[in-house]
Amino acid sequence: MADLSKILGGPWSPPVEPIPQPLEVQFADAIRKDGRIEVPDKIIIDGNIHRFRSGSTAKRLDRAGWYVAHADGIPCITFGCWREDITITTRVDMGGRKWSPAEEMAHIARIAAAKKKRDAEIERDRGIAASDVETIWSGGTQATSEHPYLKRKGIEAHGARVTGDGRLMVPLFSPDGELASLQYIDDTHGQGDKKYHPGGQTSGMFWMLGTLDQPGVLYIAEGFATAATIHQATNRPCIVAYSASSLVPVTASLREMYGKNQDIVIVADHDKHGIGQKYADQASAKHGARVVTPPIEGMDANDYVKAGHDLLTLLAQPTGSAVIDKLKVVFGDELGTEYEAPDELIEGLLVMGSLTVTYGDSNSGKTFWALAMAAHIAMGRDFFGRKVDPGLVVYLASEAPGSIRSRMQAMKKFYGHDLADLAMVPLPMNFYEGDEDANDVIALVQAVSELKGKPVRLIVGDTLARLSAGANENSGEDMGPVMARFDRVAQATKAALHIIHHNGKDQAKGARGWSGIRAHIDTEIEVAEKDGIRSASVTKQRELPGKGEAIYFRLEVVEMGTTKFGQTATTCVAVHDQEAAEAKPHKKPTKHDEQVRVIERAWNKSGRELRDEMPYISRSALRELLIKDGASERTAKNKTESSRADGLILPMINAGTLELFEHGWRVIDGVLASGMLLQIAPKRP
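Presented here is an overview of the structure given in this document. (Residues numbered from 1 in each chain as written. Predicted model: local features only at pLDDT ≥ 70, side-chain atom pairs only at ≥ 80, totals over all residues. Heavy atoms only, no water.)

**Here we look at the overall build of the chain**
We apply this condition: Numbering of helices and strands runs from the N terminus, with a helix taken as a DSSP run of H or I at least four residues long and a strand as a DSSP run of E at least two residues long. Between the two quantities, the radius of gyration covers C-alpha atoms and the globule rule is 2.2 Å times the number of residues to the power 0.38. Think of it in three bands: with a 1.4 Å probe and only protein chains considered, a residue is buried below 20% of the maximum accessible area for its type, exposed above 50%, and partly exposed in between. Every residue pair with non-hydrogen atoms within 4.5 Å of one another is taken to be in contact. Only the protein chains shown count as cover for residues, and all accessible areas are computed by the Shrake-Rupley method using a 1.4 Å probe. Charge assignment: positive for Lys and Arg, negative for Asp and Glu; neither His nor the chain ends contribute. By convention, charge coordinates are those of NZ in Lys, CZ in Arg, CG in Asp, or CD in Glu.
In terms of regular secondary structure, the chain is built from 22 helices and 29 strands. The C-alpha atoms of the chain give 38 Å as radius of gyration, which overshoots the globular expectation for 685 residues (26 Å, by more than 25%). By its C-alpha atoms, the chain is 115 × 90 × 55 Å across when sized along the principal axes. Relative to its 685 residues, the chain shows a buried fraction of 45%. Put simply, of all contacts in the chain between residues at least 6 apart along the chain, 58% involve residues at least 24 apart. Surface accessibility of the chain: about 36,400 Å² in total, with carbon and sulfur atoms responsible for 51%. The average position of the 83 basic charges and that of the 92 acidic charges among the side chains of the chain differ by 4 Å.

Here it is as structure tokens:
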């Protein structure tokens, strides 16, 4: 036997598994680790609900904390605090033991039962609290502005009352107007210590300062002092929601009470961690309220006024519902049931108002392709088998206007059409230097539409390099404004904007320049020439399902006349290549196609075995091929596991290509099997 001490540098023994702590200790540690409430003095593990002092109030007799602990099944403890709305469930460590499905289901049921017990206790306490607060509120005396808290905050009492021991108390009402709880404010030490009445319901409860008897804004604030400050500054009613988390349910109640046309403004606290803003934004998104927040971190509306700032100016800023109107936000419940399909310009290819980039290598035919597209829209003819929405086209020939002119003449001759709806701009345009040229294009579209009495459907920009002359194409700082101006033109004119672009140095990496260009656009089309065949492949499609499709075309030579030296002058027109469209030579293989090729190669390399006269591939033969192709032994093993969704085999079994057989797989797809068997069929004499 080998001496492990020489290998490990000393004596060795198996690691000792730690012994789990007793359940009571683990349960106490779980509460301590959570850190939000105090740990009870004793934990009783009997499946019943137990209450304890959670530390959420200074009162020794207040027991807002609770827990339910279980030792059988999956030992766990569910604990929390009613006042702080905390509920946590923690399992104990049983030395790495795995639980059975039955135990897991029992555990879930147990948690639900614990929460049910908690809810029953809460309802009981709320009933008791509601009765108590009625008595306490009725017995309180009316507060005056001389109360230390009100005086320090610079606010009036607005109906607040004072307890027998001098604390300020303010009410929390339900949407039905029932008194649900009280908040006590102790300003003995000048800190405004706030506590709720034990057991009373607080979430979603509120108090309105003032009355909503005149049309206008209804404000919502988190705390009493903030609400009082707003009410006094605006003379408008303001709701006290009491906490950030209550902003959402309170806003929901108010929207239901006063209708969708009521202007509601939430004045959120600008707290350090953004809690107030978060809940205010949620309430705004769900219920259409406007949100205002003091611009200075750490301030609420009361702090803002006390610091000498103008609250009325802050409340008048155009946020919330004003922004919703400005940005024309549409909520789901405002949408009709009738589906609104994308407004297609070319069937399955371009959408009105979209931004498209067509790119390709030099001499790939991308300009001929773009001109053909423009001409078919202008003529109102199907474009390579696809329907079009006819209309005017504006072609920005910034790169080579003379060449575009001759190609337009060739299309007129080839199609026998005057192309009256295709307008070319021979002057260079620049969207990088400023807004002037973008504004001119927008004005041009309007002028051409008025002149011809029909809309401009397409704007072609030739090329991106010329339209952004002086910009660094690889710089987001330079190209960002260019793309923004393209967007503005498309949005203002409602036309599709089609930009012609070039490949990068590495053709496999697509169009050249800043990666944000591709992210910005709606449609991307790659024009390529391979083995004498040209295609335009959709490499990105945002609104339509045509990604991956290839449209094949060829260049038809058109004789235009003679040169000054007596030679025949020619140019070309892009026309549909029906033969290539049927053969699809540029179609990229699908993942399934690639998997089939691997199977065929493995079968050929391993001797073309048969089982029941069908091609058979052993697991070892397939692994050997994968390793020869560069895969590691581990990767090859994973790829050939029949149960792995990310492997090679399971997708082919699901597709009906293979079936498990002996120590490998048999090909059961009839077409594939026939093609493979033809390779070993005897040749006819």
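Past the structure itself, the notes keep going.
**Description of the packing of aromatic side chains**
The relative placement of two aromatic rings is captured by the distance of their centres and the angle of their planes. Heads up, the condition is: Think of it this way: a Phe, Tyr or Trp ring, Trp meaning its six-membered ring, pairs with another when their centres are within 6.5 Å, and the plane angle makes it stacked under 30 degrees, edge-to-face over 60, tilted otherwise.
According to the stated counting rule, one finds nine aromatic pairs in the structure shown. Taking 4.3 Å as the distance between ring centres and 20° as the angle between the ring planes, the aromatic pair formed by phenylalanine 383 and phenylalanine 384 counts as stacked. Pair check on accessibility: phenylalanine 383 and phenylalanine 384 agree, each one buried. Ring geometry for phenylalanine 431 against phenylalanine 486: centres 4.9 Å apart, planes inclined by 50°, an arrangement best described as tilted. A residue pair is termed long-range when its members are at least 10 positions apart, and phenylalanine 431 in the loop between strand E19 (422–425) and helix H13 (436–452) and phenylalanine 486 in helix H15 (residues 476–493) qualify at 55 residues. Taken together through their ring pairs, the aromatic side chains of Trp369, Phe383, Phe384 and Phe553 make up a single cluster.

**Examining helix H7 (residues 275–287)**
For clarity, the threshold we go by: Here, expected helix span is obtained from the residue count minus one, scaled by 1.5 Å.
Taking 1.5 Å of rise per residue, the 13 residues of H7 would be expected to cover 18 Å, and the 18 Å separating its terminal C-alpha atoms lies within 8% of that figure. Within two residues after H7, glycine 288 carries a phi angle of roughly 70°, on the positive side.

**A closer look at the sheet that holds strand E9 (residues 193–196)**
Keep this limit in mind: DSSP bridges decide pairing: two strands pair if at least two such bridges lie between them.
Strand order in the open sheet formed by five strands is E5-E6-E7-E8-E9, and the pairing between neighbours is antiparallel. Of all strands in the sheet, those bounded by a partner on one side alone are strand E5 (141–142) and E9. Direction of pairing for strand E7 (residues 168–173) relative to strand E8 (residues 179–186): antiparallel, over a ladder of six bridges. Counterpart to proline 171 in the pairing with E8 is leucine 182.

**With respect to the pairing of strand E1 (residues 49–52)**
Only one face of E1 is covered, namely the one carrying His50 and Phe52; the face carrying Ile49 and Arg51 has none of its residues buried. Direction of pairing for E1 relative to strand E2 (residues 65–70): antiparallel, over a ladder of four bridges. Paired with isoleucine 49 across the bridge in E2 is valine 68.

**Concerning the environment of glutamate 178**
Its place among the elements puts glutamate 178 in the loop between E7 and E8. Look at glutamate 178 and you get exposed, because its relative accessible area is 51%. It is 66 Å that separates the C-alpha atoms of glutamate 178 and lysine 639, two residues lying 461 residues apart in sequence. Those residues in contact with glutamate 178 that lie beyond four places of it in its chain are Leu172 and Phe173.

**Topic: the nonpolar core**
Worth spelling out the cut-off: Buried Ala, Val, Leu, Ile, Met, Phe, Trp, Tyr and Cys residues that are joined via side-chain atoms within 4.5 Å together make up what is termed a nonpolar core.
Ranked by internal contacts, the top residues of the largest apolar core, which has 44 residues, are Leu349, Trp369 and Leu458. By size, the runner-up hydrophobic cluster in this structure holds 36 residues, among which are Tyr242, Val267, Tyr304 and Leu315.

**Let's talk about helix H5 (residues 224–234)**
For H5, the tally of buried residues reaches nine of eleven residues, placing the bulk of the element in the interior. The set of residues buried in H5 consists of Phe224, Ala225, Thr226, Ala227, Ala228, Thr229, Ile230, His231 and Thr234. Backbone geometry just after H5 places asparagine 235 at a positive phi near 60°.

**Here's the deal with a negative patch on the surface**
Condition: Only residues above 30% relative accessible area that lack a salt bridge enter a patch, with like-charged residues linked at up to 9 Å and the nonpolar side chains Val, Leu, Ile, Met, Phe, Trp and Tyr linked at up to 5 Å. Any Lys or Arg side-chain nitrogen found within 4 Å of a carboxyl oxygen on Asp or Glu counts as a salt bridge.
There is a patch of like negative charges on the surface, built from Asp343, Glu344, Glu347 and Asp382. Within the secondary structure, glutamate 344 is located in strand E15 (residues 344–346).

**As for the sheet that holds strand E17 (residues 355–360)**
Worth spelling out the cut-off: Lines are fitted to the C-alpha atoms to define the axes, a helix being fitted only along its stretch in contact, and any angle between axes, read from their N-to-C directions, falls within 0 to 180 degrees.
The nine strands are arranged E19-E18-E20-E21-E17-E22-E23-E24-E25 in an open sheet whose pairing can be described as mixed. In this open sheet, the two strands that pair with only one neighbour each are E19 and strand E25 (568–576). Going from strand to strand, the sheet's axes swing by 25° on average, the running direction of each strand aside.

**Considerations on unusual backbone geometry**
Between aspartate 462 and the following residue, threonine 463, the backbone shows a cis peptide bond with an omega angle of -5°. Structurally, threonine 463 can be placed in the loop between strand E20 (456–462) and helix H14 (464–467). Even without being glycine, phenylalanine 384 reaches a positive phi, approximately 50°. Of note, phenylalanine 384 is situated in the loop between helix H11 (366–379) and strand E18 (392–397). Overall, the relative accessible area of 8% leaves phenylalanine 384 in the buried class. The backbone phi angle of glutamate 662 is positive, close to 50°, even though this residue is not glycine. With respect to the helices and strands, the residue glutamate 662 is situated in the loop between strand E28 (658–661) and strand E29 (664–667).

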